[in-house]
Amino acid sequence: MPDTYQNFRKRLLNGEVTCKGVVESYLKKAKSKADLNAFLELFEESGEAAEQVDVKLRAGTAGKLAGMVIGVKDIIGIKGKRLTCGSRILKNFISPYDATVIERLRREDVVIIGKTNMDEFAMGSSTEYSSFGPVLNPADTSRVPGGSSGGSAAAVAADLCQVALGTDTGGSIRQPASFCGVVGLKPTYGRVSRYGLVAFASSFDVIGPFASSVYDAALVLEVLSGPDDRDSTCAAAPVPSYTSLIDRDVKGLRVGIAQETLTSGIADDVRQSIEKQIDSLRSAGASIAEVSLPHLDYTIPAYYILATAEASSNLERYDGARYGHRAKEVQELEEMYVRSRTEGFGPEVKRRIMLGTFVLSAGYYDAYYRKAQKVRRLIKEDFDNAFKDVDVILTPTAPTTAFRFGEKTSDPLQMYLSDIFTVSANLAGIPGISVPVGKDSESLPIGLQLLGRQFEEETILTAANFIEKTRKN
Ligand code: GLN
């Protein structure tokens, strides 16, 4: 794993390195690794922002993320920069404003070096659905990096930036973090403002960091979190100092294991790795208990009904009229809509729009959409019940390690199943983190997921930090 920002910051503060020098070397490295296709665009001018950070460092006024080199998933707006969402339909769209997360990061003096590649509109689990080509997994370039934030995960894993922002609607931070061997944190729904994030499924979407340590992820979360007047779903709950809490003892921590997640369909190496961590938590004085998530089997169907319904509505705005791709030589309005969308959207996005429109249509609404909303409630109740007895729930992040290109694109259901352990957190709105716990027999990274109560990120961060500090690879 690459060096952490926490260590780098010491070198920066004592003058061993300059921000400008470091940013330039990151830009150079990112260019030399262009074959990974992790970045859609690099900001050549970021050396100038770095110079300004150097001035602040010398004056002693630099912020808490001074000099942190960041990549941003290309679904988050940065004023004046292209915002493609990995889609041909927005290929030349320029963001008119900064997302709140961008403002907050810049206020603490980060340097953003580019936009990272992703599945089109964040729909996918492998980044093979990007309109701009797939991302390669740095651990094994014949394999996918996971998705949909595959560019961000690969960029951090290959040390092309220190931290990257991703988004997680059904697992798109945690699953690629697991496949690439980095830390990925999905905050509670509403913990981080979505202002300036292009909507996929608005009641699920959340922005979070990829990092090479739990500490770095906690530090970035402190900056990202907190209320925002421009996003009414962003919570007013106070933001704890996560970094000062993560070193707490895990003695007495009540860890729940959902048997459902360790039985069927799990790769042996993944299970063994997870069991090793359970033992290590137990030896450190955590109590391990079994919990039940009886509706686990319904999470994928419920998610793919609700998320596609929301997506079909959110994606109505790409009609060729206001912005984005417009078909040429059209004769009439309807033809413009149809052809612009047909030419602009890729196959997975079209599939989701059709599915979402179907489940919302008169006659099917009650049978699918309303039913799925009820299931969502049951899943939330499963977690509420489980969290009466335990503080965190531990599962594998994904049933397998990174798969090969093309392995799942011909069968969408197989692709959807790689989110089996991650989507429930989005249905329930709770926080989750994926932390690397070793490699399988083919040297591919394995991730462990910890889920917590709403707005209790500090608890999963503490457990993840313990695992990171004690794991022996
Ligand atoms: N892989 C899931 C999907 O395709 C989750 C995507 C996400 O979290 N953005 O919908």
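Parameters and conventions
- Residues numbered from 1 in each chain as written.
- Predicted model: local features only at pLDDT ≥ 70, side-chain atom pairs only at ≥ 80, totals over all residues.
- Heavy atoms only, no water.
- Helix = DSSP H or I, 4+ residues; strand = E, 2+ residues; numbered from the N terminus.
- Expected span 1.5 Å × (residues − 1).
- Buried < 20%, exposed > 50% of the residue type's maximum accessible area, 1.4 Å probe, protein only.
- Contact = heavy atoms within 4.5 Å.
- Phe/Tyr/Trp six-rings, centres within 6.5 Å; stacked < 30°, edge-to-face > 60°.
- Lys NZ or Arg CZ within 6 Å of the ring centre and 35° of its normal.
- Pairing = 2+ DSSP bridges.
- Axes fitted to C-alpha atoms, helices over the stretch in contact; angles between N-to-C directions.
- Core = buried A, V, L, I, M, F, W, Y, C linked by side-chain atoms within 4.5 Å.
- Near = heavy atom within 4 Å.
- Polar contact = N/O pair within 3.5 Å; in protein donor to acceptor, adjacent residues only side chain to side chain.
- Nonpolar A, V, L, I, M, F, W, Y, C, P; charged D, E, K, R; others polar.
- Salt bridge = Lys/Arg side-chain N within 4 Å of Asp/Glu carboxyl O.
- Patch = residues over 30% accessible without salt bridge, like charges linked within 9 Å, V, L, I, M, F, W, Y side chains within 5 Å.
- Areas by Shrake-Rupley, 256 points an atom, 1.4 Å probe, with all protein chains shown as cover.

A. Representation of helix α13 (residues 365-389) in the model. The first and last C-alpha atoms of α13 sit 36 Å apart over 25 residues, in line with the 36 Å expected at 1.5 Å per residue. Within the sequence span of α13, burial applies to Tyr369, Ala372, Val375, Arg376, Ile379, Asp382, Phe383, Ala386 and Phe387. Elements in contact with the buried residues of α13: β8 (287-291), α10 (299-314), α12 (347-360), β9 (392-396), α15 (423-428) and β11 (445-452).

B. How the structure looks around the packing of aromatic side chains. Here the structure, examined in full by the defined rule, presents 16 aromatic pairs. Here Phe121 and Phe345 contribute two aromatic rings whose centre-to-centre distance is 6.0 Å and whose plane-to-plane angle is 70°, an arrangement assigned as edge-to-face. One end of the pair, Phe121, is in the loop between β3 (111-116) and α5 (150-157); the other, Phe345, is in the loop between α11 (333-344) and α12, with 224 residues separating them in the sequence. For Phe121, a relative accessible area of 0% translates into the label buried. On the numbers, 6.1 Å between centres and 20° between planes, the contact of Phe383 with Phe387 is stacked. A residue pair is termed a helical-turn pair when its members lie 3 or 4 positions apart in one helix, as Phe383 and Phe387 do in helix α13 at 4 residues. Take Phe383 and Phe387: they sit in the same class, and that class is buried. Following the ring pairs from residue to residue traces out a cluster consisting of Phe93, Phe121, Tyr318, Tyr323 and Phe345. The cationic tip of Lys81 hangs over the ring face of Phe43; the distance from NZ or CZ to the ring centre is 4.3 Å. The cationic tip of Arg376 hangs over the ring face of Phe204; the distance from NZ or CZ to the ring centre is 4.1 Å.

C. Structural context of the sheet that holds β8. One open sheet accounts for 11 strands, arranged β1-β3-β2-β4-β6-β5-β10-β11-β9-β7-β8; its pairing is mixed. A single partner strand is all that each edge strand has here, and the edge strands are β1 (39-42) and β8. The average undirected angle you get between the axes of adjacent strands in this sheet is 30°. In the sheet, β9 pairs with β11 via 5 bridges, with the strands oriented antiparallel. Residue pairing across strands places Pro396 opposite Leu448, the latter belonging to β11.

D. Structural detail: the environment of Leu306. Summarising the element assignment, Leu306 is placed in helix α10. Taking the C-alpha atoms as reference points, Leu306 and Ser203, 103 residues apart in sequence, are found 9.1 Å from one another. Dropping the residues within four chain positions of it, Leu306 is found in contact with Phe204, Tyr369, Ala372, Gln373, Arg376 and Leu427.

E. Here's a closer look at the nonpolar core. Counting 147 residues, the largest nonpolar core has Ile76, Phe121 and Leu450 as the members making the most contacts within it. Considering every element that reaches this core, the biggest residue donor is α10, with 9 residues. In contact with Ile76, not counting residues within four places along its chain, are Leu83, Ala99, Val101, Ile102, Lys115, Leu165, Thr167, Gly196, Leu197 and Ile207.

F. The site of the ligand, seen in detail. Of all residues adjacent to the ligand, which total 15 residues, the nearest are Thr169, Gly170, Ser172, Tyr303 and Arg352. For the ligand, a nitrogen atom lies 2.9 Å from a polar atom in the side chain of Ser125. Contact between the ligand and Ser172: an oxygen atom at 2.6 Å from a side-chain N or O atom of the residue. Per-class residue counts for the shell around the ligand are 5 nonpolar, 7 polar and 3 charged.

G. Layout of the side chain of Gln175. Mapped onto the elements, Gln175 comes out in helix α6 (residues 174-180). Taking relative accessible area as the criterion, Gln175 reaches 0% and is therefore assigned buried. There is a polar contact of 2.8 Å between the side chain of Gln175 and the backbone nitrogen of Gly147. Beyond its immediate sequence surroundings of up to four residues, Gln175 is in contact with Ser125, Gly146, Gly147, Thr397, Ala398, Phe403 and Ser418.

H. Looking closely at the pattern of salt bridges. Following the criterion strictly, the structure yields 29 salt bridges and no others. The salt bridge partner of Asp159 is Lys29, with a shortest N-O separation of 3.6 Å. Of the two residues, Asp159 is situated in the loop between α5 and β4 (163-167) and Lys29 in helix α2 (residues 19-32); the sequence distance between them amounts to 130 residues. Classification of Lys29 by relative accessible area gives partly exposed; the value is 31%. In this structure, the salt-bridge partner of Asp391 is Arg254, at a minimum N-O distance of 3.1 Å. Pair noted here: Asp391 is in the loop between α13 and β9 and Arg254 is in strand β7 (residues 254-258), with a separation of 137 residues, a long-range link. The exposure class of Asp391 is buried, given its relative accessible area of 13%. Overlapping salt bridges, with partners in common, bring together Arg254, Asp391, Arg453 and Glu456 in one network.

I. Geometry of a nonpolar patch on the surface. A contiguous nonpolar patch, built from Leu333, Tyr337 and Val338 and spanning about 270 Å² of accessible area, is present on the exposed surface. Structurally, Val338 can be placed in helix α11.

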